[in-house]
Structures are given as structure tokens and as C-alpha cells.
Amino acid sequence: MTPTIIGILGTENRNGVTAQMLDAVLDGARQRGCRIDTIDLNDYRLSMNPEDSEARDAMAQLDAQLKQADGLVLASPTYWGDVSGLMKHFLDCFRPQLVRFTKKGEPIPGDYREKSYVLLTSCYTSKNVNRFSGVTDQTFVTMDRPLQAAGMHRLAEAVCTDTFEVTTLPEAKQAACRAIGQDMPLRIQKGGFTLKRYIQLFFMLAFTILIVMGIQQGLAAMHLIQLHRFWINYLSFVILSYLFLSLMLRYFAVRKHRRT
């Protein structure tokens, strides 16, 4: 089966670095035999007003088109530490298509469940500053959150830094984006790298246990706890494991984004 990959361009600069990143990813997917298409959000009138018939027609057209895709590629520059207004407006307006709501107002995945996606962004910030400060993190979080809520699988991310007065995507970044596109068919087939996530969880747990046991031994050496007392040992192990594992899960789930 030939996958269909659709790119969503969320910037008014149709020929800028972000658009070139999207083109490179789609070109890589095309080289692997994928059917590709591009949606330029500048071409659509979107609104959350239910009485706006033009906006309703545009949303219905986008929904019908995107439902045919196996993978989506969302591209937005980072403005003021977040996505462009164009991309944010699209995600806000598209919420009813991504999720359904229970009688209690709780979101549940809609018709896009199990689809895959790639996130792209660019920023003026230098590589080193972005590496340590994570200027582009919130951009990824803003795009990632609604797609995760929709039950979709994130396949990859790409960032291009140092884009101030840059009009052409660097060759190395072009190659990296093209490689992401080339990998998309295989990654879509694997369905979100479930096995990889379990392997990551195993090593996270192993590392947590190692740290916790080291702390316990240190506390025992200072005579602050007695390891021969089962319940004290058990409770301290559970509490410390919970704290370390929750911190690591927070890092991998929210903060671990590509920064260079």
C-alpha cells in the first residue's frame, strides 16, 4: 500500500526556510514512492464561528482531504517562542475534527486516530542558544498536544536555527529533512515505534532503580534508614522511584524536543 503524506504549511512566507523544510521532507517521501500533497493555510478562510458558511466549507474540504492521509507534516516558524498565528488558528478551528467530547467535556480521539505526523520549525535563535534554552520547545508542544489528543503518532521533528536573513535552507538541513521524508513510509508501517517506547521505558526504569538504590545505600550509611526493616525500605523505594520516574517521563514526554 502506497502511503499518502500531506504537508501543512503554517507561515505567510511561502518561499521561506520553513516552507523549504516542508518541501524537502515531502520530496524525500516522494522518492520512496509516497503520494504527496501540500495544504497552504494561507489559501483557506478558517473560523470557529458556526454561522460562517465559507469557513464551514473550507473546514469540510480540509477534513475530507486530510482524512485520506497516512501521515501529516506540520510546518510552522517559531514566533515569540511559539507557533505562528496561522498554524495555531488552524489547530484551534480543527479541534472538532481531531477529537470528540464526552458529556463531561473530556476529549477522546476522533477520526485521525493512529495516523502519524512530523513537526517542523525554524527560528532566528542560534543553535547553541536553542540547544540550552529550548526556544523552539513550546512550538513543538503547541503542535504536538492536539495531535497527541487525537491519538496520532509523532514520527520525527526537525529544527532549523540561525535563520535571520537566511533565504535558502542549508544543504545539510535539506538532507536531514529529506531523510525524514524517506523514513516516513517505514515508520508509518511500524505504527509509532511502540517497541522502541517499551525499550526506552525499560532503561528509564533500570536507571531509576539504580539511582534509588544508591540513595538508599547512602541513607543507610548515614543511619537515616534501616534497610533490614522491610516497610521502611519498601516505602522509601516506592517514593524515590516515583519521583525520579515522574521527572524522566516529564522530560521525555514534554521537554525532549529536537533543538538543533
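Per chain, residues are indexed from 1 in the order of the written sequence. Local features are withheld for residues below a pLDDT of 70 in this predicted model, meaning they are given only at 70 or higher, and side-chain atom pairs are given and counted only at 80 or more; totals for whole chains, interfaces and linings count all residues. With hydrogens and water stripped out, all remaining heavy atoms of the structure feed into the side-chain values.

Participant: Just to check I follow, could you spell out the domain arrangement of the chain for this structure?
Facilitator: As a measure of interface size, the accessible area lost when the parts come together is often cited. When the domains of the chain are assigned, the result is domain 1 (4-192) and domain 2 (195-257). Delimitation of the domains relies on an automatic or database domain assignment. Put simply, the middle of domain 1 and the middle of domain 2, counted by C-alpha atoms, are 36 Å apart.

Participant: What exactly am I supposed to notice about the pairing of strand β7 (residues 153-160) here?
Facilitator: Throughout this description, buried means an accessible area under 20% of the type-specific maximum (1.4 Å probe, protein chains only), exposed means over 50%, and partly exposed covers the range between. Numbering of helices and strands runs from the N terminus, with a helix taken as a DSSP run of H or I at least four residues long and a strand as a DSSP run of E at least two residues long. Most of β7 is tucked away, with 7 of its 8 residues classed as buried. Where strand β6 (residues 116-122) lies against β7, 7 bridges are found, and the strand directions are parallel. From the neighbouring strand, V118 faces β7, where its bridge partner is A156. One requirement defines pairing of two strands: DSSP has to find at least two bridges between them.

Participant: What's the story with the environment of D92 in this structure? I'm lost.
Facilitator: In this structure, D92 sits in helix α3 (residues 85-93). Along the primary structure D92 and P146 are separated by 54 residues, whereas in three dimensions their C-alpha atoms are 8.8 Å apart. Any N or O atom pair separated by 3.5 Å or less is treated as a polar contact, with the protein-specific requirement of one donor-capable and one acceptor-capable atom, and with residues adjacent in sequence counted only for side-chain atom pairs. A polar contact of 2.9 Å, which involves the side chain of D92, links it to the side chain of K88.

Participant: What is the right way to look at the pairing of β6 in this model?
Facilitator: Within a regular strand, the side chains alternate between the two sheet faces. Of all 7 residues making up β6, 7 are buried, and the element is well covered by its neighbours. Neither face of β6 is left uncovered, since the one carrying S116, V118, L120 and S122 and the one carrying Y117, L119 and T121 both have all their residues buried. Of the strand pairs in this sheet, strand β3 (residues 71-75) and β6 are connected by 5 bridges, and their pairing is parallel. By the bridge assignment, L74 is partnered in β6 with L119.

Participant: Help me understand the environment of I209, please; the structure alone is not making it clear to me.
Facilitator: Its place among the elements puts I209 in helix α8 (residues 194-221). On the basis of relative accessible area, I209 is assigned to the partly exposed category, the value being 29%. Sequence-wise, I209 and S241 are 32 residues apart; in three dimensions their C-alpha atoms are separated by 6.6 Å.

Participant: Looking at this model, I keep getting lost on the nonpolar core. Mind explaining?
Facilitator: Generally speaking, soluble globular proteins have nonpolar side chains that are buried together. Judged by nonpolar contacts, the single largest core of 30 residues is most densely connected at L66, L74, M87 and F90. When contributions to this core are tallied by element, the ones reaching two or more residues are β1 (4-9), α2 (53-66), β3, α3, β6 and α6 (137-149). One finds L9, A19, A24 and A75 within the second-largest nonpolar core, a separate group that totals 24 residues. Throughout, nonpolar core names a set of buried Ala, Val, Leu, Ile, Met, Phe, Trp, Tyr and Cys residues whose side chains join them through atoms within 4.5 Å.

Participant: Please clarify how unusual backbone geometry should be interpreted in this entry.
Facilitator: Leaving glycine aside, a negative phi is the common case for residues, and trans is the common case for peptide bonds. Phi angles above zero are rare outside glycine, and E114 is one such case at about 75 degrees. When its relative accessible area of 49% is taken as the criterion, E114 is described as partly exposed. Located in the positive-phi region is E165, a residue other than glycine, with phi close to 60 degrees. Structurally, E165 is set in the loop between β7 and α7 (171-190). E165 sits in the exposed class, given a relative accessible area of 69%.

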